[in-house]
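Inside the fold
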Amino acid sequence: MTPRVAVVGGGLAGITAALACADAGYRVTLYESRPRLGGLTYSFERGGLRVDNGQHVFLRCCERYRALLTRLGVERDVNLQERLDIPVRGLSPGTSTAETFTAAGRLRRLSLPAPLHLSWALLRYPWLDTAARVRFVRAALALRAVDPADPRSDTTSFGAWLREYGQDRAAIESLWDLVGIATLNARADDVSLALAATVFQIGLLTEAAAADIGWARVPLGQLHGEAAGRALAASGVDVVTHAKVTAVRQAPGGWALSADDTAVTADAVVLAVPPDAAAALLPPGAVDLGPDWAAALGSSPIINVHAVYDRKVMDGPFLAGIGTAAQWVFDRTAASGLDDGQYLAVSVSAADEFVDLPTAELRRRFLPALNALLPATRAAEVRDFFVTRERHATFRPSPGTTRLRPAARTALPGLYLAGAWTATGWPATMEGAVRSGESASAALLSDLSPIRSREAVR
């Protein structure tokens, strides 16, 4: 009899695991409590536009995520830079406030091996003087030598490590946090050195092309959720939406699940849900993480501020800001379907100070920030302004996080975990989510294959 696999959760991790198990010939049912697939990457309708809940980007080094896009048949629906190029605007060095940001730089790579590929950009970067550039290079070379697998790296604060290697506040804010906040969803002082080293080693310090930036040309709901629905159906996966799994327990010969008061059974289960949901569903003894491990892992919020203008106010697909609440600004005009004016989305990571503020207050703060970054906005009419909030967007990558991230294989046979918060070695990114789904399905297939082989012999 073909083994039955239940995948709980329809985000990128669950989609990846379900496809892998179906491709291996197993009978797979995917349960998702929401009416859609895609997890934290989704879209909704507003005023005739298709709006993403947040701006999600990836890097060329995100090989497994890119492989998933290919598996879903949507690799042509993303842009990927031929060469890393980040326009940066901010306060002039030594300035604390200004109505218009006059300092401009560009992090554009050369056709040289890493880390020389950023040498010309650093020489022209206005927020670093000559001495600071030298100190930055020394710190970057030292970071290449950090072992992310060393427990001491995990318990060390990245900010403390940077200061030890001569990085002052200006260098941290204008370079290290420019990249780190967006990828780690936390500021340097709040990040494990192990995770920061992983990000910078893979993204910037090893392969020159690794950090080339990619982004969706279509709404995320189309790129992930709708495409996944088609791929799962074509692979024979039974997708059940509006189905909240409330209990998972061992049963004779496998597992029993309660999905909206309906009892179902499976030979193996992949829990691809957030850590708090996993903690509530995991039977006793499944993981050895101690009490309240999910609460200890914590979460970090991201908000996106959306502004629709009556005219074009920004050239290029995105812009990074220094010394401003508007960390990254993206042009989402074409992807949303807007055909008159320009739609900008401001992505704000590590948004603890903003996530609970009312929209009116965020408007009061962010429209002047956009005016400073993009002077053309001052003469433009704001047709719409709204905010999307993900209060638990990612786990907190704090020092000591590694011990709270469980492996894909639990202590109970037939029960597996997936999610960007599990022990992928990566931060909470789309790449990490896909890798977790691959790890969970690989462990499951390895464990069930001998059983399936014995049954075939009988």
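Residues numbered from 1 in each chain as written. Predicted model: local features only at pLDDT ≥ 70, side-chain atom pairs only at ≥ 80, totals over all residues. Heavy atoms only, no water.

When helices and strands are counted, the protein chain shows 14 helices and 20 strands. Over its C-alpha trace the protein chain gives a radius of gyration of 23 Å, about what one expects of a compact globule, namely 23 Å for 458 residues. Considering only C-alpha atoms, the protein chain reaches an extent of 75 × 50 × 40 Å along its principal axes. Contacts spanning at least 24 positions in sequence make up 70% of the contacts within the protein chain whose residues lie at least 6 apart. Surface accessibility of the protein chain: about 19600 Å² in total, with carbon and sulfur atoms responsible for 52%. (Helix = DSSP H or I, 4+ residues; strand = E, 2+ residues; numbered from the N terminus. Rg over C-alpha atoms; globule rule 2.2 N^0.38 Å. Contact = heavy atoms within 4.5 Å. Areas by Shrake-Rupley, 256 points an atom, 1.4 Å probe, with all protein chains shown as cover.)

With numbering aligned to this structure, UniProt lists the feature "binding site: FAD" (unreviewed entry) at V245. Within the secondary structure layout, V245 lies in strand β11 (residues 245–251). Here V245 falls in the buried class, since its relative accessible area comes to 9%. Residue contacts for V245: discarding those within four places in its chain leaves V8, Y31, L257, S258, A259 and L281. (UniProt positions renumbered as here; feature names shortened; annotations may be inferred. Buried < 20%, exposed > 50% of the residue type's maximum accessible area, 1.4 Å probe, protein only.)

Under the local residue numbering, the UniProt record ascribes the feature "domain: Amine oxidase" (unreviewed entry) to residues 12–445. End C-alpha atoms of residues 12–445 are separated by 19 Å, and the span's content is 33% helix alongside 24% strand.

The strand order β8-β7-β16-β17-β18-β15-β19 describes an open sheet built from seven strands, whose pairing is mixed. The outermost strands of the open sheet, each flanked by one partner alone, are β8 (103–108) and β19 (382–394). The average angle at which neighbouring strand axes cross in this sheet is 20°, direction not considered. Relative to strand β18 (residues 342–348), strand β15 (residues 300–309) runs antiparallel, the two sharing seven bridges. (Pairing = 2+ DSSP bridges. Axes fitted to C-alpha atoms, helices over the stretch in contact; angles between N-to-C directions.)

Turning to the pattern of salt bridges, a few remarks are in order. Enumeration over the complete set of coordinates arrives at 26 salt bridges. Ionic pairing is found between R50 and E226, a salt bridge with its closest N-O pair at 3.3 Å. Pair noted here: R50 is in strand β4 (residues 49–52) and E226 is in helix α9 (residues 220–234), with a separation of 176 residues, a long-range link. A salt bridge links D310 to R311; the nearest nitrogen and oxygen atoms lie 3.1 Å apart. (Salt bridge = Lys/Arg side-chain N within 4 Å of Asp/Glu carboxyl O.)

Of the strand pairs in this sheet, strand β16 (residues 318–322) and strand β17 (residues 328–331) are connected by three bridges, and their pairing is antiparallel. Looking at the pairing, L319 lines up with V329 of β17. The loop that links β16 with its antiparallel partner β17 comprises five residues; one of these, G323, has a positive phi angle of about 75°. Here β17 runs beside β18; their pairing, made up of four bridges, is antiparallel. Following the sheet pairing, V329 is matched in β18 by V346.

Let us look at the packing of helix α2 (residues 63–72) against α9. In the contact formed by α2 and α9, the axes pass within 9 Å of each other and the chain directions differ by 55°. Judged on the interaxial angle alone, α9 and α2 are oblique. Between α2 and α9 lies a crossing of left-handed hand. For the pair α2 and α9, the contacting residues are Y65, L69, R71 and L72 in the first and L223, H224, A227, A228 and A231 in the second. (Parallel < 35°, antiparallel > 145°, perpendicular 65-115°, else oblique. Left-handed = near helix turned anticlockwise from the far one by under 90°.)

The next subject is the domain arrangement of the protein chain. In many analyses, interface size is given as the accessible surface area lost on bringing the parts together. Partitioning the protein chain into structural domains gives domain 1 (4–42 + 219–297 + 398–456) and domain 2 (113–207). On a C-alpha basis, the centroid separation for the pair domain 1 and domain 2 is 34 Å. Between domain 1 and domain 2, the contact holds 11 residues from the first and 13 residues from the second. Interface area for domain 1 against domain 2, summed over the two sides, is near 770 Å², with a carbon-plus-sulfur share of 63%. It is P399, W426 and P427 that lose the most area in domain 1 upon contact with domain 2, and together they represent 51% of the buried surface on that side. Counting across the domain 1 and domain 2 interface gives zero salt bridges. (Domains from an automatic or database assignment. Buried area = accessible area lost by both parts, 1.4 Å probe.)

Attention now goes to α2. All buried positions along α2 are accounted for by Y65, L68, L69 and L72. Axial view of α2: buried residues confined to an arc of 100°, hence all on one face. A positive backbone phi angle near 75° is found at G73, which sits one or two residues after α2. (Arc of directions from axis to C-beta.)

Glancing now at the nonpolar core. In terms of nonpolar packing, the biggest core is built from 75 residues, with L143, F158, W176 and L271 touching the most fellow members. The element best represented in this core is helix α8 (residues 193–205), accounting for eight residues. Inspection of this core shows a minimum of three residues originating in each of domain 1 (4–42 + 219–297 + 398–456) and domain 2 (113–207). Setting aside residues up to four positions removed in sequence, L143 forms contacts with F158, W161, W176, L193, A197, F200, Q201 and L205. Listed in part, the 49 residues of the second largest apolar core include Y26, A210, A216 and V237. (Core = buried A, V, L, I, M, F, W, Y, C linked by side-chain atoms within 4.5 Å.)

Moving on, we get to the sheet that holds strand β20 (residues 415–417). Reading across the sheet, the five strands line up as β10-β2-β1-β14-β20 and stay open at both edges, with parallel pairing between neighbours. Of all strands in the sheet, those with a lone pairing partner are β10 (238–240) and β20, marking the two edges. On average, each strand axis in the sheet is inclined to that of its neighbour by 20°, with strand direction left out of account. For strand β1 (residues 4–8) and strand β14 (residues 268–271), the ladder comprises four bridges, and the chain directions are parallel. The residue of β14 that forms the bridge with V8 is L271.

A cis amide bond links A114 with the next residue in sequence, P115, at an omega value of 0°. In this model, A350 sits at a positive phi of 50°, which is unusual for a non-glycine residue. Looking at where A350 falls in the secondary structure, it is placed in the loop between β18 and α13 (359–373). Taking relative accessible area as the criterion, A350 reaches 13% and is therefore assigned buried.

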